[in-house]
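A closer look at the structure
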Amino acid sequence: MKQHEELESRIETLLADPAYADHPLHEALASLFERYREQTRQIERVSRIADRYQDAERDRGLSYAARYQRQLRQVEKIVRISDRYQNMLRDMNQRLHWLSSRDELTGLPNRRHALVRLREELQRLGRSGGQFCLTLADVDHFKSINDGYGHDVGDRVLGAIAHGLSEGVRDYDVCARWGGEEFLLLFPHSSIEEVQSVLVRLRRQVGVLSGELLPAGAAGLTLSFGLTLCRDAAEPLDAILQRADQALYQAKGQGRDCVVIG
Amino acid sequence: MQDLIVEGTGSIPAIRADWEAGCVVMKGDSYPENAFELYQPVIDWIEAFLAREDRPLRLQLQLLYLNTSSIRAMMDMLDQLQGAFDDGRTVGVEWRYERENERVAELAEEFREDYTFPFDILAHD
């Protein structure tokens, strides 16, 4: 760069010197020097423009990167919020499912749930054989409890019996409120004899409740049971239920507080 | 500019943009088939209000469930408010939720993140 400047200033000095003004090369050098200057100016100008384009491109790139980062953050936020909404819906769904399978008064599985479990048990029987027992249990003289002591007491009796029954069965058994004062007990993989011994225990537990729930002198709380065995997966569910129901009806006819096998 | 009124249904919220009051109210669930169609008029209304008026603008929300495209539209609106706030305007959001539904409050808090304008999350009974 320094060399260029020295050369330029030498030429300027020579061109300005009057001693060479009439030299034949003077005019040629002056024209050449002028052309050289013009071209230098052009090159500088083009370089400046090119540099500005480059700067603008770099800025644009940076703003794209910034915008991309911003949009990425926004998408991440949308995804996060959306996931939380979906979790909320899933939990609400599970809660609704639970509620739809429960009886409000006793907290036991309801009739709908009992039917689902019964169908499952029949399907299992179809796949792997075996047997299960079904029992319908009905609170004896429940109407007179309701009439004599009021519905509040009646409700408490149902709640307490429900609690006693569900505590008394095994973990894999089903104890559901079938309707009114009637309960359904499902005993998978069980024989009549096994279930009979469970029922002995349940009847004892219910008997203890009378003193806690009813005034002194009231008749004891008892249940009547209709018990039936199922081994045939092809048997219609209605027929099995009907058999248990008829056995229960017989138990009632035989003076209540007993188990009849149908 | 006219007020903007959208009747709510089971799947879209009731929307009322009141020019005189400088207030946009949205209530209900939001899972429309086309969130853009539903919310673009609201976004345009907010844009127009911010451009033509100097008065404060309030957004009052009482939203329970939002699908993903509604979340997106909601963030676009909140971004509009943030832009106005950055320009020195008075804007604010009030997000109301039922006291027993704490999870809605948590979601509103997720929305509030990153915004610096007044954004209140209020329980009601």
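Residues numbered from 1 in each chain as written. Chains lettered and ligands numbered in written order. Predicted model: local features only at pLDDT ≥ 70, side-chain atom pairs only at ≥ 80, totals over all residues. Heavy atoms only, no water.

**Some points on the overall build of chain A**
Check the secondary structure of chain A and you find 7 helices and 5 strands. For chain A, the N- to C-terminal ordering of α and β elements is α-α-α-β-α-α-β-β-α-β-α-β. Reported as C-alpha extents along the three principal axes, the dimensions of chain A are approximately 150 × 45 × 25 Å. Burial status across chain A gives 35% buried among its 262 residues. In chain A, the proportion of contacts linking residues at least 24 apart, taken out of those at least 6 apart, comes to 67%. Here chain A has roughly 16700 Å² of accessible surface; of this, 52% comes from carbon and sulfur atoms. Distance between charge centres in chain A, computed from 36 positive and 39 negative side chains, equals 2 Å. (Helix = DSSP H or I, 4+ residues; strand = E, 2+ residues; numbered from the N terminus. Buried < 20%, exposed > 50% of the residue type's maximum accessible area, 1.4 Å probe, protein only. Contact = heavy atoms within 4.5 Å. Areas by Shrake-Rupley, 256 points an atom, 1.4 Å probe, with all protein chains shown as cover. Lys, Arg positive; Asp, Glu negative; His and termini not counted. Charge placed at Lys NZ, Arg CZ, Asp CG, Glu CD.)

**Describing the sheet that holds strand β5 (residues 91-98) of chain B**
Residue and element names in this part refer to chain B. Judged by pairing direction, the sheet is mixed, and its 6 strands sit side by side in the order β1-β2-β3-β4-β5-β6 without closing on themselves. Single-partner strands in this sheet number two, and they are β1 (4-6) and β6 (119-124). For this sheet, the mean angle separating the axes of adjacent strands, direction not counted, is 15 degrees. With respect to the sheet, helix α2 (residues 68-86) is in contact with β3 (23-30), β4 (57-66), β5 and β6, its orientation differing from that of β4 by roughly 160 degrees. (Pairing = 2+ DSSP bridges. Axes fitted to C-alpha atoms, helices over the stretch in contact; angles between N-to-C directions.)

**A short note on the UniProt feature "domain: GGDEF" (unreviewed entry) in chain A**
Taking the numbering used here, the UniProt-annotated feature "domain: GGDEF" (unreviewed entry) corresponds to residues 130-262 of chain A. With 49% helix and 24% strand, the stretch residues 130-262 of chain A has end C-alpha atoms that lie 19 Å from each other. (UniProt positions renumbered as here; feature names shortened; annotations may be inferred.)

**Here we look at the packing of helix α2 (residues 24-100) of chain A against helix α3 (residues 102-112) of chain B**
Where α2 of chain A contacts α3 of chain B, the axes come no closer than 10 Å and their chain directions differ by 175 degrees. Classified by the angle between their axes, α2 of chain A and α3 of chain B sit roughly antiparallel to one another. Along the contact surface, α2 of chain A presents Lys77, Arg80, Ile81, Arg84, Tyr85, Asn87, Met88 and Asp91 of chain A, while α3 of chain B presents Arg103, Glu106, Leu107, Glu110 and Phe111 of chain B. Across the contact of α2 of chain A with α3 of chain B, the residue classes break down as 5 nonpolar, 1 polar and 7 charged. (Parallel < 35°, antiparallel > 145°, perpendicular 65-115°, else oblique. Nonpolar A, V, L, I, M, F, W, Y, C, P; charged D, E, K, R; others polar.)

**With respect to the environment of Gln3 of chain A**
Locating Gln3 of chain A in the fold gives a position in helix α1 (residues 2-16). As a C-alpha pair, Gln3 of chain A and His141 of chain A span 138 residues in sequence and 123 Å in three-dimensional space.

**So, the pattern of salt bridges**
Residues and elements named next belong to chain A. Summed over all chains, the structure comprises 25 salt bridges over all chains. Between Asp140 and Lys252 there is a salt bridge whose closest N-O contact spans 2.8 Å. With Asp140 in the loop between β1 (132-139) and α4 (142-149) and Lys252 in helix α7 (residues 237-253), the pair connects residues that are 112 residues apart, well separated along the chain. The exposure class assigned to Asp140 is buried, which follows from its relative accessible area of 4%. Salt-bridge contacts for Asp173 lead to Arg170; the nearest nitrogen and oxygen are separated by 2.8 Å. Residue classification places Arg170 among the partly exposed positions, given a relative accessible area of 22%. (Salt bridge = Lys/Arg side-chain N within 4 Å of Asp/Glu carboxyl O.)

**Some thoughts on a nonpolar patch on the surface**
Residues and elements named next belong to chain A. Side chains of Leu96, Trp98 and Leu99 sit close together on the surface and give an oily, nonpolar patch of about 310 Å² of accessible area. Here Leu96 shows up in helix α2. Since its relative accessible area comes to 54%, Leu96 is described here as exposed. (Patch = residues over 30% accessible without salt bridge, like charges linked within 9 Å, V, L, I, M, F, W, Y side chains within 5 Å.)

**Re the domain arrangement of chain A**
Parsing chain A into structural domains produces domain 1 (1-100) and domain 2 (111-261). Placing a centre on the C-alpha atoms of domain 1 of chain A and another on those of domain 2 of chain A gives a separation of 86 Å. (Domains from an automatic or database assignment.)

**Notes on the confidence of the model for chain A**
Summarising the model, chain A shows a mean pLDDT of 92, and 100% of its residues fall at 70 or more. Here helix α6 (residues 192-213) of chain A is the element of chain A with the lowest mean pLDDT, 88, and strand β3 (residues 182-188) of chain A is the one with the highest, 97. (pLDDT = per-residue confidence, 0-100.)

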